[in-house]
Amino acid sequence: MLALGRFFAGFRWGGVAVAAGMALALAGVPVWGEEAAVARLRELETQLREVRTVQTDFVQEKRLAVFSRTVTLTGRIALERGERLSWQVATPVRHAMVIQGDRAQLWDEDTDRVQTIDLGANPAFKAMFEQMRAWFSGEYSALAAGYEISVRAEDPLTFAFVPRAGTAMAAMLAEVTVTIAADRRRLSEIAMVEVGGDSNRLRFLNTVLDAPIPEDAWRVPPP
Amino acid sequence: MARAAAVSMERTWRPPWRRLAWPLLAGVLAVSAWGWSRVRFVSSLEMLLADGSEARRIVGLLREADFADKVVLRFVATDGEGVANASSTGLVESMDRVVSRLDRRMVLRVIAPPPEGQMVAEMLFWLDHAGELLAPEDLADLEAMTSPEALRRRLRQCYLELLKPGGELFMGRVIPHDPLGIGMRILRRAYELSQAMGFRAVMAQGHFLHADGGEGVLLLETAVPMTDIAGSRELVAGLEALRPELAPGIRMDILCGHLHTVHNDRALRRDILVAATVATLALLALFLGWFRDLRAGAVFLIPGVAIVVAIGLCALATSGLATMVVGMAGAMAGIAVDYGLHVYVAIRSRPDRWVAVREVARPVTLGALTTMGVFVGFLFSRVPAYRQLGAMATATLLLSLLASLWLLPAVMRTVPRASVRPRCSLRRWGERTWILALVACLLPVAAALLSTGARLDPDLASLDATPSEVLAAESDFLARWGRGESALAIAVTPGRTQEEAASAADALYRAARQALPEGEPLSLSAIWPSAATRGQRLAAWRAFWDPARVARLRTDLAAAGEEFGFAEDAFAPFFAALAEEREAMAETPGALVASMASRFVRERPGDWRYFTYFPDTPCNVQAMRALADHGGGGVISRHAVGQALAESTLADGRRIGLVSVVLMVLATLLLTRPLRHLPAVVLPALAAGVAVLFLTVHSSLSLNAASVIAVIVVLGLGIDYGAMTVHAWARDGAVGLGQATASISLSAVTTMIGALSLAPARHPALRHVGFTLLVGVGVAYLCSLLIVPGLCCALDRLARRLAGSPPGDGQGQASATADGEGAPCR
């Protein structure tokens, strides 16, 4: 009750945190049962921490009941592990989100205004992004508390994350599946199915690991 | 012959009603014992608030609001060295374990956040019922929001929201229920409402956790009022006993008003024990060392027994006796022992004990009556603690006086005669110092002029004996979690039913939005008004959405949405809610509003209270008082309570002071002989009072609700010393200075011992009383010893000069001594 409103605010962007976190940090997690999965995730934490930066293009397909057709978005994601995250959409409308430290900057071409959010003053929002950072940092044991994890397929290696009953995510998300690339260091696809049947598929293309990220990636609005 | 007859009469004189003393004592003891069987001690600082005062009304409202009876348990993950860190391992488990082991007799409810899984569904429910929650000004905007161009802009905005990362998760649900975005105003108001309360918390895993991790809080509603000492002790002990349930590396801080009650009570009990022990030992050592007579112990017993008896008598007249007042027993003992002391010294210096008693009865009675006059003045106070002090001290002094005059001589059959070895007689001392005394009289005047800046400290917190580590934990909590509503004042609207209170809160909220000079009011009415208001709003909402308007909107929305790919039935939930025929909701819909309401509503059968928060500034408080101060409602302001306390204490101080001064003057006028010595009688009191005021201005000693008591006591004692010195001047002018003033010296020393025993007290109220008494009595004693004899001499000289009698005329001396009018100075 104390921070109800903040929680509302967090909802809107909380999904961003979850999606981005899953997309970028789950590369290479070959596990089977839940206990075994958590055990393997812990083992992989050390290996994943060695990835300092990630840059990838993405194609996102949104199938929502409110739309009469599938909406396809393209853009680029950049990540400095433990430091910064950039999410830029190029089509069909341009918008951008950059999170750095305790500050998040948001921009879209319609308003052409940069909205800055102080995460320190917005606990729910911050909590969501802290969860995302946990994914980036390979702290899967903490994340596993909110999801039941299982292996959906072996080739390509696909994990299923089902929000545990009673959590806020369980009221919205039915399942998240994450597909790992063959080199086991990258994510190739993430798909979310919502409770109401809406779905959202995100494919990662041209992923580059541990390369310097150009400063333009962090500019809001993007150049 | 005449002299022999007088001596014979002196030897055979016995006080009237002497035989009644023992039966009277037995009766008083029996009544007191009855009182002791039903005595109940109270350590609340509320006892210092005047009845019917604004301060008491505000504190009463605060107490009835139940804010003070809540407990916060703060859990902190530490690194093992006690330093907080961000790791929250074991935090939630520790909180859950503590919750499962709470004593449900004492903890009524754990205030928990609404279940996370229900939040989205509840928010959608709100959107579907927005019609009865939106304010009239919201409806006024609807016309413009439904134009075709406005709809196109709105759906473009919805489209962008849905395309943003994760946007579909929440907005994908909201938009079908609220395509116009008007229902979101309700959620935004709920957001603003919670944000304005100023706490930094997130709801996760069924608990309130800090956004930075590593900390969580449990909010408990208790069945124990903060003023219940025994209950508070049991509650705090029960919570302390839960610490073993904590996981390693987890610390638990208890934050509640009950902790203040427990620590204040603990400090008072310890102080009383220490003061009683110190005073007992010091007085015994003094008596036995000075008089070398074991029977002097009887003198010492008088005040102790009198206090015990007085407590029993006072217990019959009050439902709860302030521990703080009992804590001043040491000081009272120091005052009450004086009468026995004067009698004992007189008995030692006369061959017949009853004659000695008769000689000393008038000044002793004068001293007792003037001091009692002070305390009788306290009986007219509106402050319960002052009234109890007045009753207890008056009873103690009266019992001590009667015991000294009637019982003490009865047990002092033979006493060693005091040796008389005068070096400098009192009279000679007065003759030598009368000019100096007149000059010294100017000192209190000068000190008074330098003390004009004396002000009463209205902060009751300065009298709180809670240890610094507890206060530090509270400050740390506020710094880490936010100040919450501590910077806000509260307007209370009561009602016999929830609807009555909610309707009053609605009216107040509407008025406050217009009237508040600074900031905005925070009220549940912003998101969940009364049923009557919601019914009116629902009717207006339905009237707006006539079938033709609904059909037009359906067509226009479909047209505007086509451009962005919205499905034809994208907004079906919104139209379904419009079509639904229903009444205003009867009860709070779900955990979200219920959880929020716990901060804005206090529920008791037949007595509901709604709270409206607003920035605590003087002009806001004034504006809200005009709106809320009626029908049992009112404003709770931390700033206003300090001001109100200062005002009521000052008003009460004036009343007590007036009554006390009138009684003291009457007693002094009746018993002072000759009357020309009146200035000498009152001089020590004036000097002592001014000295205390001077110190409050020029040192760290403050004048507060507790030390005001001591100041008035000092005035009474000052008159006591002045009267005894003047009596000695008249009776024992020829004997040595030390011997003539021996009883005064002993009296001052014993009172100062009583005051000193309070000086190391942990409780600030007792400490203030101790220091004030020490300074005041010290000055009064020095003044009566060093200045009063000289002043008496100067007054005698002046009287003779006015009467035309030359200095050194011995006629008047003999006659004055015989009739008690006092001896003139040569």
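Conventions adopted
- Residues numbered from 1 in each chain as written.
- Chains lettered and ligands numbered in written order.
- Predicted model: local features only at pLDDT ≥ 70, side-chain atom pairs only at ≥ 80, totals over all residues.
- Heavy atoms only, no water.
- Pairing = 2+ DSSP bridges.
- Helix = DSSP H or I, 4+ residues; strand = E, 2+ residues; numbered from the N terminus.
- Axes fitted to C-alpha atoms, helices over the stretch in contact; angles between N-to-C directions.
- Parallel < 35°, antiparallel > 145°, perpendicular 65-115°, else oblique.
- Left-handed = near helix turned anticlockwise from the far one by under 90°.
- Contact = heavy atoms within 4.5 Å.
- Nonpolar A, V, L, I, M, F, W, Y, C, P; charged D, E, K, R; others polar.
- pLDDT = per-residue confidence, 0-100.
- Patch = residues over 30% accessible without salt bridge, like charges linked within 9 Å, V, L, I, M, F, W, Y side chains within 5 Å.
- Areas by Shrake-Rupley, 256 points an atom, 1.4 Å probe, with all protein chains shown as cover.
- Salt bridge = Lys/Arg side-chain N within 4 Å of Asp/Glu carboxyl O.
- Buried < 20%, exposed > 50% of the residue type's maximum accessible area, 1.4 Å probe, protein only.
- Arc of directions from axis to C-beta.

*Asks:* Give a detailed account of the sheet that holds strand E11 (residues 199-209) of chain A, specifying residues and quantitative values.
*Replies:* Residues and elements named next belong to chain A. On the basis of which strands lie adjacent, the open sheet formed by 11 strands has the order E6-E5-E4-E3-E2-E1-E11-E10-E9-E8-E7 and antiparallel pairing. Here the strands that pair on one side only, and so sit at the sheet edges, are strand E6 (114-118) and strand E7 (147-154). Averaged over all adjacent pairs, the angle separating strand axes in this sheet is 15 degrees, with direction ignored. As defined by bridge partners, strand E1 (residues 53-63) adjoins E11 across nine bridges and the pair is classed as antiparallel.

*Asks:* Provide a residue-level description of the packing of helix H27 (residues 678-698) of chain B against helix H31 (residues 764-786) of chain B, including the pertinent values.
*Replies:* All names here are of chain B. Two numbers describe how H27 lies on H31: the axes approach to 8 Å, and their chain directions differ by 140 degrees. One way to sum up the angle between H27 and H31 is to call them oblique. In this structure, the crossing between H27 and H31 has a hand that is right-handed. The segment H27 lies against H31, with Leu683, Pro684, Ala687, Ala688, Ala691, Val692 and Leu695 engaging Thr772, Val775, Gly776, Val779, Ala780, Cys783 and Ser784. Of the residues belonging to the contact of H27 with H31, the class tally is 11 nonpolar, three polar and no charged.

*Asks:* Residue-level account of the confidence of the model for chain A, with values.
*Replies:* When the pLDDT values of chain A are averaged, the result is 74; 69% of them are 70 or greater. Counting interchain partners and residues more than four positions distant, the pLDDT-below-50 stretch residues 1-32 of chain A has 153 contacts.

*Asks:* Give a description of the environment of Cys158 of chain B that names residues and reports values.
*Replies:* Residues and elements named next belong to chain B. With respect to the secondary-structure elements, Cys158 resides in helix H7 (residues 148-163). Residues Cys158 and Pro176 lie 18 residues apart in sequence; the distance between their C-alpha atoms is 9.9 Å. If we ignore the near neighbours within four places in the chain, the residues touching Cys158 are Ile175, Pro179 and Phe566.

*Asks:* Account for the sheet that holds strand E9 (residues 488-495) of chain B, with residues named and values stated.
*Replies:* All names here are of chain B. One open sheet accounts for four strands, arranged E10-E11-E9-E12; its pairing is antiparallel. Because the sheet does not close on itself, it has two edges, and the strands there are strand E10 (601-602) and strand E12 (634-636). Both E9 and strand E11 (residues 608-615) contribute to a ladder of eight bridges, which runs antiparallel. Residue pairing for E11: Ala491 is matched across the bridge by Thr612. Running over the sheet, helix H20 (residues 498-515) touches E9 and E11 and is turned about 135 degrees from E9.

*Asks:* Lay out the packing of helix H28 (residues 707-731) of chain B against H31 of chain B with the relevant residues and their values.
*Replies:* All names here are of chain B. At their nearest, the axes of H28 and H31 sit 9 Å apart, and the two run at 20 degrees to each other. By the angle between their directions, the pair H28 and H31 is classed as roughly parallel. For the element pair H28 and H31, the recorded crossing hand is right-handed. The residues of H31 that touch H28, namely those facing Ser707, Ala710, Val711, Val713, Val714, Leu717, Gly718, Tyr721, Gly722 and Thr725, are His768, Val769, Thr772, Leu773, Gly776, Val777, Ala780, Tyr781 and Ser784. Classifying every residue of the contact of H28 with H31 by side-chain character gives 11 nonpolar, eight polar and no charged.

*Asks:* If you had to explain a nonpolar patch on the surface to someone new, which residues and values would you point to?
*Replies:* Side chains of Val661, Val665, Leu669 and Leu675 of chain B sit close together on the surface and give an oily, nonpolar patch of about 310 Å² of accessible area. Owing to a relative accessible area of 39%, Val661 of chain B belongs among the partly exposed residues under this scheme.

*Asks:* An account of the side chain of Ser381 of chain B is needed here, citing residue identities and associated values.
*Replies:* Considering the arrangement of structural elements, one finds Ser381 of chain B in the loop between helix H15 (353-379) and helix H16 (384-411). Using a relative accessible area of 4% as the deciding quantity, one classes Ser381 of chain B as buried.

*Asks:* So what's going on with helix H6 (residues 136-145) of chain B? Which residues, and what values?
*Replies:* Residues and elements named next belong to chain B. For H6, every residue scored as buried is listed here: Asp138, Leu139, Leu142 and Met145. The buried residues of H6 occupy one face: seen down the axis, they fall within an arc of 105 degrees. Along H6, the residues that are exposed and aim more than 90 degrees away from the buried face are Pro136, Ala140 and Ala144.

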